Amino acid sequence: MILAPMQGLTEVLFRRVYEECFPGAIQKAVSPFLSLTHNLHYSGVESAKYSDVLPENNEGSIPLTPQILGKEPEEFVALGNMLYDMGYQEVNWNMGCPMRKVTAKHRGSGILPYPDEIREILDNVLPRLKPRLSVKVRLGLKSRTEIFAVMPVLNQYPLVSVTIHPRLGRQQYSGVPDLDTFGEVLPTCVHTVIYNGDICTAADARRIKERFPSISDIMIGRGVLYSPTLPLQIAGDECDIDNMSRHFVRRLMEEIDKSYHNDESKIRKTKEYWCLMWRSLPISEMQARTVLRCHEYDEVSKMILHFLQYL
């Protein structure tokens, strides 16, 4: 199983705590994207922008593949090769991000309507790129037919894998995955294919694997935040779901408290996780909202601790 890249959520802090609590349950993670528009430089104070992928920060974490967002060949090669020099053997190209400010500039899923542009970028990048390249795509930006023009382009290059999220960019995360189109495009891809999208229960994973036996793996994102023990359940391991989930949430909150240096940052980060992770606890949405209404960090912390200890 592979942990999906989720900006602000599946960061190194989350990955380290997850591996501590569930060692080996997730075999690989793709990092939240590094944008080529950030003018990153791996030196001095600028290295803070790389904190999520710095090898020293990822010791004891889930094995990582950094993800790159952008379309500028020179910057792509420079960043990719820098990541290779850090020790990464693979980088992932994000062609799936659905955010409008990204897609409007032909980045993320915004590049999918332009297969010739994808070909030009790969022609420029791959001969000079030291690490191997994988890609993550959607079915298209506005039309499900876009992937059928993109796939023949991808088939021409030595990619590690193609991860497909069967939604359109314009859908964001609404609606349901288009499994019929996924099934049509799957046999047209010569590369290893990974499925991503709406795996929230072990039954979801089982249905996908049974319907599409040729996929090599599944990538899970929000499902792990809704239920931290999900990878164990998918693997068929018997586990104490409630107690293990509580332990993970408690450890995550402890690490947030240690890693962020002011109450405002602690509140923001805690609430970002709590909006999703309260579902792993036997509480109601009404109870969960009491945390979101808190304005002081001590109040937020005590309320979550109350739920973890006394339910």
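This structure is a prediction, so every number in the text was calculated from the model and none was measured.

Basis of the calculations
Residues numbered from 1 in each chain as written. Predicted model: local features only at pLDDT ≥ 70, side-chain atom pairs only at ≥ 80, totals over all residues. Heavy atoms only, no water. Patch = residues over 30% accessible without salt bridge, like charges linked within 9 Å, V, L, I, M, F, W, Y side chains within 5 Å. Areas by Shrake-Rupley, 256 points an atom, 1.4 Å probe, with all protein chains shown as cover. Salt bridge = Lys/Arg side-chain N within 4 Å of Asp/Glu carboxyl O. Lys, Arg positive; Asp, Glu negative; His and termini not counted. Charge placed at Lys NZ, Arg CZ, Asp CG, Glu CD. Helix = DSSP H or I, 4+ residues; strand = E, 2+ residues; numbered from the N terminus. Axes fitted to C-alpha atoms, helices over the stretch in contact; angles between N-to-C directions. Parallel < 35°, antiparallel > 145°, perpendicular 65-115°, else oblique. Left-handed = near helix turned anticlockwise from the far one by under 90°. Contact = heavy atoms within 4.5 Å. Nonpolar A, V, L, I, M, F, W, Y, C, P; charged D, E, K, R; others polar. Buried < 20%, exposed > 50% of the residue type's maximum accessible area, 1.4 Å probe, protein only. Polar contact = N/O pair within 3.5 Å; in protein donor to acceptor, adjacent residues only side chain to side chain. Pairing = 2+ DSSP bridges. Right-handed = clockwise from strand over helix to strand, strands pointing away.

> Help me out: how do you make sense of a negative patch on the surface in this one?
Negative charge collects at one region of the surface, where Asp263, Glu296, Asp298 and Glu299 lie side by side. Following the sequence through the fold, Glu299 ends up in helix 13 (residues 297–310).

> Help me out: how do you make sense of the packing of helix 10 (residues 241–259) against helix 11 (residues 263–277) in this one?
If you want to describe how two helices pack, look at the angle between their axes and the distance between the axes. The contact between helix 10 and helix 11 brings their axes to 10 Å, and the two run at 165°. One way to sum up the angle between helix 10 and helix 11 is to call them roughly antiparallel. Considering how the two elements wind past one another, helix 10 and helix 11 form a crossing that is right-handed. Contacts between helix 10 and helix 11 involve Phe248, Val249, Leu252, Met253, Ile256 and Asp257 from the first element and Lys266, Lys269, Thr270, Tyr273 and Met277 from the second. Among the residues making up the contact of helix 10 with helix 11, the classes are represented as 7 nonpolar, 1 polar and 3 charged.

> What is the right way to look at the side chain of Arg167 in this model?
Among the secondary structure elements, Arg167 is positioned in strand 8 (residues 162–168). Given a relative accessible area of 2%, Arg167 falls into the buried group. At 2.8 Å, the side chain of Arg167 and the side chain of Asp198 are in polar contact.

> When you look at the sheet that holds strand 10 (residues 217–220) in this model, what are you seeing that I'm missing?
Strand pairing in a sheet relies on backbone hydrogen bonds, with the paired strands running either antiparallel or parallel. Strand order across the open sheet formed by 10 strands is 3-5-6-7-8-9-10-1-2-4, with parallel pairing between neighbours. The open sheet has two edge strands with one neighbour each: strand 3 (34–35) and strand 4 (64–65). Each of strand 3, strand 5 (67–69), strand 6 (90–95) and strand 7 (132–140) is contacted by helix 2 (residues 73–86), which is oriented at about 165° to strand 5, the strand it contacts most.

> Where do I start with the pairing of strand 8 in this structure?
The side chains of a regular strand alternate, residue by residue, between the two faces of the sheet. Within strand 8, 7 of the 7 residues are buried, leaving the element largely enclosed by the surrounding structure. The alternating pattern of strand 8 places Val162, Ile164, Pro166 and Leu168 on one face and Thr163, His165 and Arg167 on the opposite face, and all of these are buried. Here strand 7 pairs with strand 8 via 5 bridges, running parallel. Residue pairing across strands places Arg138 opposite His165, the latter belonging to strand 8. A crossover links strand 7 with its parallel partner strand 8, the connecting element being helix 5 (residues 146–154), and its sense is right-handed. Pairing of strand 8 with strand 9 (residues 193–196) involves 3 bridges; the strand directions are parallel.

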